Number of protein chains: 2
Amino acid sequence: MEHQVGTGAGVLTRRRFFEQLAAAGGMSLAVAGLEALGFGFGSAQAAPPALSGATKGKKVVILGAGLAGMTAAYELDKAGYQVQVIEARSFAGGRCQTARKGFKYTDLAGYSQTCDFDEGHYINHGPWRIPYHHRSTLYYTKLFGVPLESFVNDNDAAYVYFEKGEGPLKGKPVRKGEVAADARGYAAELLAKCASRGNLDAPLSAEDRAKFIEYVIHEGRLNPKDLSYTGAEGRGFAVHPGAGIDPGPGKPSAPYAFKDVLDSRAWQVLSSVTEFEQQRTMLQPVGGMDQIAKGFERQVGRLIRYSTNVEKISQGPDGVSVAVRDAGGQPSVITADYCICTIPLSVLRGIDMDATTTFKTAMADVAYAPVNKIGLQMKRRFWEEDHAIYGGHVYTDMPGINSISLPSYGWQGQKGVILGYYAFGSEAARISAMPPKERAAFALAAGQKVFPQYQESFENAFSFCWHLAEYNLGGWAEWSPEARATAYPALVNGEGRVYLAGEHMSYLGGWQAGAIESAWQQVARLHARVQQQV
Amino acid sequence: MEHQVGTGAGVLTRRRFFEQLAAAGGMSLAVAGLEALGFGFGSAQAAPPALSGATKGKKVVILGAGLAGMTAAYELDKAGYQVQVIEARSFAGGRCQTARKGFKYTDLAGYSQTCDFDEGHYINHGPWRIPYHHRSTLYYTKLFGVPLESFVNDNDAAYVYFEKGEGPLKGKPVRKGEVAADARGYAAELLAKCASRGNLDAPLSAEDRAKFIEYVIHEGRLNPKDLSYTGAEGRGFAVHPGAGIDPGPGKPSAPYAFKDVLDSRAWQVLSSVTEFEQQRTMLQPVGGMDQIAKGFERQVGRLIRYSTNVEKISQGPDGVSVAVRDAGGQPSVITADYCICTIPLSVLRGIDMDATTTFKTAMADVAYAPVNKIGLQMKRRFWEEDHAIYGGHVYTDMPGINSISLPSYGWQGQKGVILGYYAFGSEAARISAMPPKERAAFALAAGQKVFPQYQESFENAFSFCWHLAEYNLGGWAEWSPEARATAYPALVNGEGRVYLAGEHMSYLGGWQAGAIESAWQQVARLHARVQQQV
């Protein structure tokens, strides 16, 4: 009997999206190991490389003022290099963006939006979370004094809404804690009974077996007398405990039937231990993710030439020259000894560049993810007031929605901005083809199934399609195992005097830490090369 | 074979302390159900009672300006009653206190302390957490505009330190996520294998059995081919993924041996679903819990007579009279139609009071918890910088320590205040007998076993013994099942014109929600009585 890891009907997370890609590529998840998917989940590089030694008057041109580019600029400038940064947009940050009142965006399909959220409200339509183990990102938030607050990334009280399962829980919002208590409670009951009958397939001594049963009873909140699961206080109460005699102790809630839980498939949101990249404690900058970009910009803004497009990257034995054009259409050429290019491969492969066929083929081998996110301003925080849900995600199997995320700031305020969907792949492509108003209508219709107050509370929306953003053409690089094996090393190596940096040059795909650590690695390589020169 | 829920060697939490008391009283936890312990875990009373109708010029004297007293004052004043509040301390809040620079406290053993934390740092030595389902507390934080932030109450990266177990993990700090992944992974392996051999004690169809096995594989991150657990990415990496080729994908970490995990007993910190009262999302007021007290005080401070001791509570057919003495020693008598007395029973039973023997016996039947908490100011946030632990609790089986808690504010700042222990019962009594400097030394020696940087980072400490606090004489009421059955209803009922309110008059013992909801209930009873009068 061969078991497959269930991904089909589950919530499509960014992680699972990668997994499915791998599966489609004929790669067995179990055989390959997750790391072979080219999507890493942690970071422990905690500080930049020490660039000691002479910089020999060398000049470095950096293409792109996203986090990779600004990291490179900051570290090279500090080491004594001459640094110039070229940025196509009128602002720095790259994908580290935040939409708030007045933020304008016109996508490649021609849809223009201006964010109209109330003052103090925002949506991080790019990166929105900082795992505690992304020490490189946290190195700069600390260095630049960017205030952080915790991001609620897991909430037992948040609903799970699965409509593709079977049985009475199909299409019914249930709280994650209820599903967790029941699925695990019933499983513990079966395991404890199996163990107490001596049916375990393990060489346990009698003493160890007793200890194991004690553990299982403890975990599953089983009745120690008959090893039964009859509910757990962690799933919530039918009547909450309170004051006096009534409600007094309250009344426990009854568990769902075992079969109903199994049939719902809502257990797909459970994991015995949270995936490493999603673990607590998750952090976010106070006021929006772009506070990190602004932190960098305070340091290296003087080195950035904004609103300037790269048209051609040339190199010879003595240096690189980059042909650019400014917002007024004025062309110019920037020369330098080296180039650190952080332009996404999706964009870079459309730019004229002196590079070998191998290098160009490698660039072409990498797909970029269609991604769409929408922020919905609600005039009332009904999820807090009526449902007692403070932050976290409502996981759902509705295509293109995946999760509805509740803000981790502005607790108990009047209004709030919800992430209405987080769409990837073909669903993101489909949704992005709609005019913005239709995207909002799509998000609202879905959210209405979970929260009765959804549509009536809606005020305005802002959505962003990363694959239709001119200077991104995708949310992040998607490495197939094959491309990771061949194209990736070639691109990491760089081409002559041109070094590539960005999340695409890391196993922390789509994370800011990937961009930063990639930049650290490439400036170290560049600096070592300079050191070797006589 | 009869199984006992393991509490002996585990972490002593406030909850488990209650459970042990019940066990000592001969009460079987499994038989009684948790609610019979008189310690409820949720609250759903979301708004105060509507006190409509005439107040008929009645005057109510409220004894105690803690949250129960101020809640009663606020609601009765709003309804039109004449209200006067008597408070023994020079400030309002009762147990809702926060120690920060300059906070003075002299305990009944004669030890005086003045808190010397740096500006901006504090310890909540009383209540420190607001569960998302304590809607009554959240009602007032919203109404009074008390800003909240999330409190990190669960952190997979935080250490578990058990020194009473056996095996190689004994006395070794291990991250909670490691223990969770391994204990649950091995358990899932055994369960999946048992199920695949058809050995489950459950009437599952072949289809349901397959679905169940799929669930178990998913939860335990098992190899679907052979159902083995060989580690999970959620337990962390040996080499973290990063940029380029090296570290590139990183290296997975190896699981601990099954027997070692079992022997460590560190699995006692696990629960298939977090206990309801400890679930995410947990909240705290920005700047200290006493911001709630200050929110109330802004509303009802004008009704409070501070620094005034209650000496005698008398009542007759026409009203109540309360003999008080002010800080200058000046006695006076306050008369009113009714009294709401929120003085802890531990203190009230020492005050001369017109009450029946039944009522006095009932008061005497309730024990109050010895509790001691200590805040340790550290000059460097080594737990964040060196250990990548952002908030949460280090659970330990060290007697009197129980948990070391890391602050959920001031992320990445220079300094921080750690909760060095949370001691209950006899351990709290033992620790409180030491001079404050010795308490700090005790806490530091224990923390040093977990964090090598502990002692060298220490700057100063502030500890608080609730059972030695003059106007509290205990952390909270401890109801035995017997007292809950007999004494509790008598006390909830009140005595003539005197109504009792406070956490002790609820099943939310020790929680602010218990105080508030009890006050709501008693003002509603008082008002109903006034309505019935002609």
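Note that this is a predicted model, so its numbers are computed, not measured. (Residues numbered from 1 in each chain as written. Chains lettered and ligands numbered in written order. Predicted model: local features only at pLDDT ≥ 70, side-chain atom pairs only at ≥ 80, totals over all residues. Heavy atoms only, no water.)

1. A short note on the overall build of chain A
Alright, step 1. Each helix and strand in chain A was counted, giving 17 helices and 25 strands.
Alright, step 2. The C-alpha radius of gyration computed for chain A amounts to 26 Å, which stays within 12% of the reference 24 Å derived for 534 residues, consistent with globular compactness.
Alright, step 3. Overall, chain A is about 80 × 60 × 40 Å in size when its C-alpha atoms are taken along their principal axes.
Alright, step 4. With 534 residues in all, chain A has 64% of them scored as buried.
Alright, step 5. Across chain A, every contact between residues at least 6 apart in sequence was considered, and the portion connecting residues at least 24 apart equals 71%.
Alright, step 6. Looking at chain A as shown, the accessible area adds up to about 17,600 Å², and 52% of this sits on carbon and sulfur atoms.
Alright, step 7. The centroid of the 53 positive side-chain charges in chain A is displaced by 3 Å from the centroid of its 53 negative side-chain charges. (Helix = DSSP H or I, 4+ residues; strand = E, 2+ residues; numbered from the N terminus. Rg over C-alpha atoms; globule rule 2.2 N^0.38 Å. Buried < 20%, exposed > 50% of the residue type's maximum accessible area, 1.4 Å probe, protein only. Contact = heavy atoms within 4.5 Å. Areas by Shrake-Rupley, 256 points an atom, 1.4 Å probe, with all protein chains shown as cover. Lys, Arg positive; Asp, Glu negative; His and termini not counted. Charge placed at Lys NZ, Arg CZ, Asp CG, Glu CD.)

2. Digging into the pattern of salt bridges
Alright, step 1. On inspection of all chains with the given rule, the structure shows 60 salt bridges over all chains.
Alright, step 2. Note that Asp107 of chain A and Arg439 of chain A form a salt bridge whose closest N and O atoms lie 3.3 Å from each other. Of this pair, Asp107 of chain A sits in the loop between strand E3 (104–106) and strand E4 (112–114) while Arg439 of chain A sits in helix H13 (residues 436–448), placing them 332 residues apart in sequence.
Alright, step 3. Arg439 of chain A gets classed as buried once you look at its relative accessible area, which sits at 0%.
Alright, step 4. One salt bridge in this structure joins Lys193 of chain B and Glu189 of chain B, with 2.7 Å as the shortest N-O distance. (Salt bridge = Lys/Arg side-chain N within 4 Å of Asp/Glu carboxyl O.)

3. Comments concerning the nonpolar core
Alright, step 1. Residues Phe212 and Tyr215 of chain A together with Phe212 and Tyr215 of chain B are the most contacted members of the largest nonpolar core, which totals 72 residues.
Alright, step 2. Ile62, Leu148, Leu303 and Val530 of chain B belong to the second largest nonpolar core, which has 50 residues in total. (Core = buried A, V, L, I, M, F, W, Y, C linked by side-chain atoms within 4.5 Å.)

4. Examining the relation of the copies chain B and chain A
Alright, step 1. For the match of chain B to chain A, the screw axis carries a shift of 0.0 Å, the RMSD comes to 0.0 Å, and the turn is 180°. One copy is carried onto the other by what is essentially a two-fold rotation axis. By C-alpha distance to the rotation axis, the residue of chain B lying nearest is Leu191 of chain B, at 2.8 Å.
Alright, step 2. Most of the interface of chain B is mirrored in chain A, where 100% of its interface residues are also at the interface. (Least-squares fit on C-alpha atoms with pLDDT ≥ 70 in both.)

5. Quick look at the sheet that holds strand E25 (residues 498–500) of chain B
All names here are of chain B.
Alright, step 1. With parallel pairing, the five strands of this open sheet are ordered in space as E12-E2-E1-E16-E25. Each edge of the sheet is formed by a strand with only one pairing partner; in this case those strands are strand E12 (304–305) and E25.
Alright, step 2. Bridge count between strand E16 (residues 338–341) and E25: three bridges; the pairing is parallel. Considered in E25, the bridge of Ile340 is made with Tyr499.
Alright, step 3. The strands touched by helix H3 (residues 67–79) within the sheet are strand E1 (59–63), strand E2 (82–86), E12 and E16, with E1 carrying the most contacts at an inclination of about 165°. (Pairing = 2+ DSSP bridges. Axes fitted to C-alpha atoms, helices over the stretch in contact; angles between N-to-C directions.)

6. Topic: the packing of aromatic side chains
Alright, step 1. For the structure shown, the criterion picks out 68 aromatic pairs over all chains.
Alright, step 2. Considering the side-chain rings of Tyr421 of chain A and Phe442 of chain A, the 6.0 Å spacing of their centres and the 55° angle between planes classify their relative orientation as tilted. Residue Tyr421 of chain A is located in strand E22 (residues 416–424), and its partner Phe442 of chain A is located in helix H13; the two are separated by 21 residues in the primary sequence. The residues Tyr421 of chain A and Phe442 of chain A share a single accessibility class, namely buried.
Alright, step 3. Ring geometry for Tyr139 of chain B and Trp520 of chain B: centres 5.8 Å apart, planes at 85°, overall edge-to-face. Of this pair, Tyr139 of chain B sits in helix H4 (residues 135–143) while Trp520 of chain B sits in helix H17 (residues 512–532), and the two are 381 residues apart along the sequence. (Phe/Tyr/Trp six-rings, centres within 6.5 Å; stacked < 30°, edge-to-face > 60°.)

7. A word on helix H5 (residues 176–196) of chain B
The periodicity of an α-helix, 3.6 residues per turn, causes residues three or four positions apart to be oriented the same way.
Residues and elements named next belong to chain B.
Alright, step 1. Spanning 21 residues, H5 covers 30 Å between terminal C-alpha atoms, matching the ideal 30 Å at 1.5 Å per step.
Alright, step 2. Counting buried positions along H5 yields 20 of 21 residues, so the element is predominantly enclosed.
Alright, step 3. Following H5 by one or two positions, Gly198 adopts a phi angle in the positive range, close to 75°. (Expected span 1.5 Å × (residues − 1).)

8. Thoughts on the side chain of Arg89 of chain B
All names here are of chain B.
Alright, step 1. Summarising the element assignment, Arg89 is placed in the loop between E2 and strand E3 (104–106).
Alright, step 2. No salt bridge is formed by the buried Arg89, whose closest oppositely charged neighbour, Glu87, lies at an N-O distance of 4.8 Å.
Alright, step 3. A polar contact of 2.5 Å, which involves the side chain of Arg89, links it to the side chain of Asn472.
Alright, step 4. Look past the residues within four positions of Arg89 in its chain and what remains in contact with it is Gly94, Gln97, Tyr306, Ser307, Ala469, Tyr471 and Asn472. (Polar contact = N/O pair within 3.5 Å; in protein donor to acceptor, adjacent residues only side chain to side chain.)

9. Digging into the confidence of the model for chain A
Residues and elements named next belong to chain A.
Alright, step 1. A residue-level look at chain A finds 92% of positions with pLDDT of 70 or above and a mean pLDDT of 92.
Alright, step 2. Overall, residues 1–9 carries pLDDT values under 50, and its contacts beyond four positions in sequence, including any with other chains, amount to 22 contacts.
Alright, step 3. Scored below 50 in pLDDT, residues 21–43 makes 65 contacts in the model with residues more than four places away or belonging to other chains. (pLDDT = per-residue confidence, 0-100.)

10. Let's talk about the packing of helix H3 (residues 67–79) of chain A against helix H17 (residues 512–532) of chain A
Residue and element names in this part refer to chain A.
Alright, step 1. Packing of H3 against H17 leaves a shortest axis separation of 8 Å and a crossing angle of 40°. By the criterion of interaxial angle, the relationship of H3 to H17 is oblique. For the pair H3 and H17, the sense of crossing is right-handed. Touching Leu67, Ala68, Thr71, Ala72, Glu75 and Leu76 of H3 are Gln512, Ala515, Ile516, Ala519, Trp520 and Val523, all from H17.
Alright, step 2. Considering only residue class, the contact of H3 with H17 consists of nine nonpolar, two polar and one charged. (Parallel < 35°, antiparallel > 145°, perpendicular 65-115°, else oblique. Left-handed = near helix turned anticlockwise from the far one by under 90°. Nonpolar A, V, L, I, M, F, W, Y, C, P; charged D, E, K, R; others polar.)

11. Let's talk about the environment of Tyr161 of chain A
All names here are of chain A.
Alright, step 1. By the secondary structure assignment, Tyr161 is in strand E7 (residues 159–161).
Alright, step 2. Look past the residues within four positions of Tyr161 in its chain and what remains in contact with it is Gly171, Lys172, Pro173, Tyr395, Thr396, Asp397, Met398, Lys449 and Val450.
Alright, step 3. Side chain to side chain, Tyr161 and Glu163 meet in a polar contact 3.1 Å long.

12. Focus on the state of the cysteines
Alright, step 1. Per the counting criterion, the structure on display carries one disulfide over all chains.
Alright, step 2. Disulfide pairing is shown between Cys194 of chain A and Cys194 of chain B; the S-S distance is 2.1 Å. Negative torsions about the S-S bond denote left-handed disulfides, and the value of about 105° found for Cys194 of chain A with Cys194 of chain B makes this one right-handed. Of this pair, Cys194 of chain A sits in helix H5 (residues 176–196) while Cys194 of chain B is found in helix H5, placing the two residues in two different chains. Taken as a pair, Cys194 of chain A and Cys194 of chain B share a single burial class, namely buried.
Alright, step 3. No disulfide involves Cys96 of chain A; its sulfur sits 16 Å from that of Cys115 of chain A, the nearest cysteine. (Disulfide = S-S within 2.5 Å.)

13. Here's the deal with the interface of chain B and chain A
Alright, step 1. Counting residues at the interface gives 115 residues for chain B, matched by 115 residues for chain A.
Alright, step 2. Buried area between chain B and chain A, summed over both chains or domains, comes out near 10,200 Å², and the portion from carbon and sulfur atoms is 59%.
Alright, step 3. At the boundary of chain B with chain A, the tally comes to 18 salt bridges.
Alright, step 4. The interface formed by chain B and chain A contains 55 residue pairs in polar contact (both at pLDDT 80 or more).
Alright, step 5. No other element matches the 11 residues that helix H6 (residues 206–220) of chain B contributes to the side of chain B that touches chain A. (Buried area = accessible area lost by both parts, 1.4 Å probe.)

14. Comments concerning the sheet that holds strand E13 (residues 308–316) of chain B
Alright, step 1. Across the sheet, four strands lie side by side as E15-E14-E13-E17 (chain B); this open sheet has mixed pairing. Single-partner strands in this sheet number two, and they are strand E15 (331–336) and strand E17 (352–353) of chain B.

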